[in-house]
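If you want the building blocks of each chain, they are given just below.
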Amino acid sequence: MYIALHLLDDIILFLLLLSWIIVGSQVLLLPRKVSSRRQRSGIRRCFVWLGVSELLVLIKLGTLVSKWVFFGWIFAQNRMLLDFPLLALPALSVLLFSFPCLSRMAQSFPREGASPATQDATAPALLVPTLITVVGVALDTYLTLFYTEPMSLPFFLIAFALFCVALWFWSTFGRKIPLFSERRNMPLFLEKQARWWLLPVRLLLCLIVVTLCISGWYSWSVQASRLPDRIPMTGNTTGNTVDSMTGHTMQHQQGQQNDVSVTDLVGPQSGEPNERFTLVAQEAQMRLRSGATVNAWTFNGQLPGPELRVHQGDLVEVKLINRLSRAGVTLHWHGLDVPNGEDGVAGVTQNAVQPGESFTYRFVVKNHAGTYWYHSHQDSLEAVGKGLFGPLIVLPPRDSFAGKDIPILAHSWLTKERGSQEAFGITDTMQRLTVQPGTPVRLRLINTDSLPVSFVLSGTPFKVIAIDGTDLNAPTDLTRQRLLVAAGGRYDIQFTMPGTAVSLDWTNKKSSKVRFLLSQDATASAPALADGPVFNPATYGSRQKTPFGLSSHFDKEFTLILDDMIGFYDGKMESLWPINGKVFPNTPMLMVHEGDLVKVSFVNRSWMDHPMHLHGHHMLVLSYNGRPVTGSPWWVDTLNVAPGESYDVAFRADNPGIWMDHCHNLDHAAAGMILHLGYEGVSSPFEVGHDTINQPE
Ligand code: C2O
Ligand code: CU
């Protein structure tokens, strides 16, 4: 519904632009029509197109009002604020001034052969409002769809206001200005000339000027969008940080003397680890189950990387060795709240580990027992895409689960033969698993893809027992519901194996071909695909006491509004997903003090899902679309915010450092959908940018 309204709004904007350009040209051409018959039909066309255009304005405002009514003011706000001055007011002035002018003209020659009303055709009351509306709609379209940073909205609005005044001046006193035709109040270049070739020549000149302007704008935009060669990770390049208490942008003091460096925020450097792993990043040609080949980047030659199983409270040591031929690597423990220096983000908490180098991570596992994953956070769009990731399972100190425990990593692989292939692990077809009836089964659903995956379990009731590594309270049986897991997110589900087959599918479409089929023997046929509604964690399970809630006093409150635009990013034209109107590195750093209780509101005004992932912390979901969460406490590290949705979440700032907070659709992150959570008094010696070896996304 939201996406439909949103796209409708875009489409109407285009139609508006078109119809107002037609109105504008019809009105401008009126004075050229010398015979009364042609003028009469010109006026009629003006009326028709004016009617259509004004109607479109009404429809456009209608879609915005519906957005407002059904989704809330914040979802309509940005476009309302553009449409009001640039569209609604100008269109109203056309109704008030131009329309009466036209009617007067129409009435002034009721009979065939009456003299043309050239005088009215050049009246400023007709021309000025119409032209203002045409320019207003064009500007509205540009500002709605294009990312204009570093030029700000007020700049354009003031420019527009000046243009309106100038136009009025020009058309009122234009007769004295030689640029204008004396007789018809038209720009001279459109005047009929004695020499026939003057008009085409002038039009050609106009075309050249317009082309020059556009290419000038293009190359200026490309240049202006180039990212700085070095972006220090303490504060932002712009030095902009947001202090939510005052709402002011303040200068974050960079790298002060008594600052703690992220390199000091590490796990225990001594002590015999309980678990020791070595992960070697290396290139390998791998085969999916269907036989399709992937030019993969692997850990230890495995795809996905090896399963790391650790226990709560363990001291874990992981040695990363990079044997790739050209790319840097890091290890990020997605969902684990490790000390900042172990977080593995290139350019923020360490330098990317170069080919031939190694790096050792040491941390104590403080999180709940549950499902996590690890992946490289250097150029993660490419690295995760190619396979530098794996499951990370935290078990309780004494694990007593005596059933089947199966991590399932949903991923899209780029294959040589078939392009992008969806798969569970490397199962891009169907895979059978033998499970005896009565066996407890725990499936750990991990979405390592960039889009939400809708897992479908058919053939048995099941419980969702954990989300993002945290157990849910009193989960109940679900039957046909689909599980929409955020990119980067995890759901753990559990059931007791029935006597018949159970299937897990990537989608609920009949064409589903990515499937795990669990059955007693190899002949059982698949159950009918479940096709119920999407599971909603906000109302699932039962309430339990939480350390804070909606009525708590928050030390910091931030609102992050997610939008869609087209724009230039680092010299390329791309889809951009600004956060509060900005893309990295212009996004603000959210500054907190250690111990702060922080509330964050996510509002997705765009047409795509944004799985928002905060490093180093778990966020308690407080409310969904303004309604409080009524089910089990729902803790997340990756929250899918769908179009038209809003969430309030809260977390305790108890893990000092500089933490990424970004969209886990890695395409979006690579186009700047990133910001950082910074603790006062923490600085980082690392930098990202072209002149460094670090590029986290
Ligand atoms: Cu799994 Cu910053 O990411
Ligand atoms: Cu996104």
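To be clear, the structure that these remarks concern was listed above.
All values derive from a computational prediction rather than experimental measurement. (Residues numbered from 1 in each chain as written. Chains lettered and ligands numbered in written order. Predicted model: local features only at pLDDT ≥ 70, side-chain atom pairs only at ≥ 80, totals over all residues. Heavy atoms only, no water.)

Chemist: Explain the overall build of the protein here, please?
Modeler: Scanning the protein from N- to C-terminus turns up 9 helices and 38 strands. For the protein, the spread of C-alpha atoms along the three principal axes comes to 100 × 65 × 55 Å. Scored against the burial criterion, the 697 residues of the protein give a buried share of 55%. Contacts in the protein between residues far apart in sequence, at least 24 positions, make up 76% of those at least 6 positions apart. Here the protein carries 55 positive and 58 negative side-chain charges, and the mean point of each set is 13 Å from the other. (Helix = DSSP H or I, 4+ residues; strand = E, 2+ residues; numbered from the N terminus. Buried < 20%, exposed > 50% of the residue type's maximum accessible area, 1.4 Å probe, protein only. Contact = heavy atoms within 4.5 Å. Lys, Arg positive; Asp, Glu negative; His and termini not counted. Charge placed at Lys NZ, Arg CZ, Asp CG, Glu CD.)

Chemist: Any chance you could explain unusual backbone geometry here in plain terms?
Modeler: In most cases, non-glycine residues show a negative phi, while peptide bonds are predominantly trans. With omega at -15 degrees, the peptide bond leading from Leu 303 into Pro 304 counts as cis. Within the secondary structure layout, Pro 304 lies in the loop between β6 (293-299) and β7 (308-311). Despite not being glycine, Asn 300 shows a phi value in the positive range, around 55 degrees. Considering the arrangement of structural elements, one finds Asn 300 in the loop between β6 and β7. Assessed through its relative accessible area of 30%, Asn 300 is described here as partly exposed. Of note in the backbone geometry, Asn 580 takes a positive phi value of approximately 50 degrees without being a glycine. Tracing the backbone through its elements, the reader meets Asn 580 in the loop between β26 (572-576) and β27 (589-592).

Chemist: Looking at this structure, I do not really get the packing of aromatic side chains. What am I missing?
Modeler: Each aromatic ring pair is described using two quantities: the centre-to-centre distance and the angle formed by the ring planes. Per the stated rule, a full pass over the model turns up 29 aromatic pairs. Judged by centre distance (6.0 Å) and plane angle (80 degrees), the ring pair of Phe 146 and Trp 217 falls under edge-to-face. Linking Phe 146 in the loop between α5 (124-145) and α6 (153-173) with Trp 217 in helix α7 (residues 198-225), this pair joins segments that are 71 residues apart in sequence. Since its relative accessible area comes to 29%, Trp 217 is described here as partly exposed. Consider the rings of Trp 168 and Phe 169, whose centres lie 5.8 Å apart with planes at 75 degrees: the pair is edge-to-face. The class for Trp 168 is partly exposed, based on a relative accessible area of 43%. (Phe/Tyr/Trp six-rings, centres within 6.5 Å; stacked < 30°, edge-to-face > 60°.)

Chemist: Where do I start with the sheet that holds strand β13 (residues 404-415) in this structure?
Modeler: The strands making up a sheet associate through hydrogen bonds between their backbones, and the pairing can be parallel or antiparallel. Judged by pairing direction, the sheet is mixed, and its 6 strands sit side by side in the order β14-β13-β16-β21-β18-β19 without closing on themselves. Pairing within the sheet leaves two strands with one partner each, and these edge strands are β14 (419-424) and β19 (470-471). (Pairing = 2+ DSSP bridges.)

Chemist: Honestly, a nonpolar patch on the surface in this entry has me stumped. Any pointers?
Modeler: A surface patch of nonpolar side chains, amounting to about 890 Å² of accessible area, comprises Trp 196, Trp 197, Val 201, Leu 204, Leu 205, Leu 207, Ile 208 and Leu 212. Here Trp 197 shows up in the loop between α6 and α7. A relative accessible area of 39% means that Trp 197 is categorised as partly exposed. (Patch = residues over 30% accessible without salt bridge, like charges linked within 9 Å, V, L, I, M, F, W, Y side chains within 5 Å. Areas by Shrake-Rupley, 256 points an atom, 1.4 Å probe, with all protein chains shown as cover. Salt bridge = Lys/Arg side-chain N within 4 Å of Asp/Glu carboxyl O.)

Chemist: Mind showing me how you'd approach the pattern of salt bridges here?
Modeler: As a working rule, side chains carrying opposite charge can pair if their charged atoms are close by. Here the structure, examined in full by the defined rule, presents 22 salt bridges. Residues Glu 317 and Arg 276 are paired through a salt bridge, measuring 3.4 Å at the closest nitrogen-oxygen approach. Here the residue Glu 317 occupies a position in strand β8 (residues 315-322), and Arg 276 occupies one in strand β5 (residues 275-287), the gap between them amounting to 41 residues. Since its relative accessible area comes to 14%, Glu 317 is described here as buried. The residue Arg 362 makes a salt bridge to Glu 317 at a minimum N-O spacing of 2.5 Å. Here the residue Arg 362 occupies a position in strand β10 (residues 358-364), and Glu 317 occupies one in strand β8, the gap between them amounting to 45 residues. Neither Arg 362 nor Glu 317 differs from the other in exposure class; each is buried. The network of salt bridges with shared partners includes Glu 307, Arg 309, Asp 405, Arg 442, Arg 444 and Asp 492.

Chemist: Where do I start with α6 in this structure?
Modeler: Within an α-helix, residues lying three or four positions from one another point in the same direction, as the helix has 3.6 residues per turn. When the terminal C-alpha atoms of α6 are compared, their 30 Å separation across 21 residues agrees well with the 30 Å that a helix rising 1.5 Å per residue should span. For α6, the full list of buried residues reads Phe 156, Phe 160, Cys 164, Leu 167 and Ser 171. Seen along its axis, α6 keeps its buried residues to an arc of 90 degrees; they face one direction. Looking at α6, the residues exposed on the side facing more than 90 degrees away from the buried face are Ile 158 and Leu 162. The secondary structure elements touched by the buried residues of α6 are α3 (73-108) and α5. (Expected span 1.5 Å × (residues − 1). Arc of directions from axis to C-beta.)

Chemist: Explanation requested: the nonpolar core in the structure shown.
Modeler: One recurring pattern in soluble globular proteins is that nonpolar side chains are buried together. Within the largest apolar cluster, 84 residues are counted, with the highest numbers of intra-cluster contacts made by Leu 443, Phe 455 and Val 464. Discounting residues that sit within four places of it in the chain, Val 464 has contacts with Leu 472, Pro 475, Leu 478, Leu 483, Tyr 491, Asp 492, Ile 493, Phe 535 and Tyr 540. Core analysis: the second largest hydrophobic core is formed by 28 residues, Trp 297, Tyr 361, Ala 369 and Tyr 374 among them. (Core = buried A, V, L, I, M, F, W, Y, C linked by side-chain atoms within 4.5 Å.)

Chemist: Before we go on, may I ask you to explain the side chain of His 618 in this structure?
Modeler: Within the secondary structure, His 618 is located in the loop between β29 (610-614) and β30 (619-624). Among the residues examined, His 618 registers a relative accessible area of 12% and is labelled buried. From its side chain, His 618 meets the backbone oxygen of Asp 468 in a polar contact 3.3 Å long. What His 618 contacts, discounting residues up to four positions off in sequence, is Gly 335, Asp 337, Asn 367, Tyr 372, Asp 468, Thr 470, Trp 635, Val 636, Asp 637, Ala 650 and Phe 651. (Polar contact = N/O pair within 3.5 Å; in protein donor to acceptor, adjacent residues only side chain to side chain.)

Chemist: Would you explain the coordination of the copper ion (ligand 2) in this entry?
Modeler: Surrounding the copper ion (ligand 2) are the protein donor atoms His 610 (ND1), Cys 663 (SG) and His 668 (ND1), at 2.0 to 2.1 Å. In terms of primary sequence, the donors binding the copper ion (ligand 2) are separated according to H-x52-C-x4-H. With a gap of 58 residues between them, His 610 in strand β29 and His 668 in helix α9 (residues 666-670) connect regions that are remote in the sequence. Here His 610 and His 668 have matching classes, each one buried. (Donors = N, O, S within 2.8 Å, 3.2 Å for Na, K, Ca; no water.)

Chemist: Help me understand the pairing of strand β24 (residues 556-562), please; the structure alone is not making it clear to me.
Modeler: Looking along a regular strand, one sees the side chains alternate between the two faces of the sheet. The buried fraction of β24 amounts to 5 of the 7 residues, a majority that puts the element mostly inside the structure. Summarising the sheet, β24 and strand β28 (residues 597-604) pair through 7 bridges and their orientation is parallel. Along β28, the bridge assignment pairs Glu 557 with Lys 599.

Chemist: Looking at this model, I keep getting lost on the sheet that holds strand β9 (residues 332-334). Mind explaining?
Modeler: The sheet built from 4 strands is open, its strands ordered β7-β12-β11-β9 with mixed pairing. For this open sheet the edge positions go to β7 and β9, each flanked by a neighbour on one side alone. Pairs of neighbouring strands in the sheet enclose a mean axial angle of 30 degrees, with direction left out of account. As defined by bridge partners, strand β11 (residues 370-375) adjoins strand β12 (residues 389-395) across 6 bridges and the pair is classed as antiparallel. Considered in β12, the bridge of Gly 370 is made with Val 394. (Axes fitted to C-alpha atoms, helices over the stretch in contact; angles between N-to-C directions.)

Chemist: Would you mind showing me how to read the side chain of His 617 here?
Modeler: Following the sequence through the fold, His 617 ends up in the loop between β29 and β30. For His 617, a relative accessible area of 2% corresponds to the buried category. Within polar-contact distance, the side chain of His 617 engages the backbone oxygen of His 615 at 3.0 Å. Engagement of the side chain of His 617 in a polar contact is seen with the side chain of Tyr 679, the distance being 2.7 Å.

Chemist: What should I look at first to understand the packing of helix α1 (residues 2-29) against α5 in this one?
Modeler: Each pair of packed helices can be described by the angle between their axes along with the distance between the axes. Contact geometry for α1 and α5: axes closest at 9 Å, N-to-C directions at 155 degrees. Here α5 runs roughly antiparallel to α1, going by the angle between their axes. Judged by the sense of rotation from one axis to the other, the crossing of α1 with α5 is left-handed. Residue-level inspection shows Asp 10, Leu 13, Phe 14, Leu 16, Leu 17, Trp 20, Ile 21, Val 23, Gly 24, Val 27 and Leu 28 of α1 in contact with α5, the latter providing Leu 126, Leu 127, Thr 130, Leu 131, Thr 133, Val 134, Val 137, Ala 138, Asp 140, Thr 141, Thr 144 and Leu 145. (Parallel < 35°, antiparallel > 145°, perpendicular 65-115°, else oblique. Left-handed = near helix turned anticlockwise from the far one by under 90°.)

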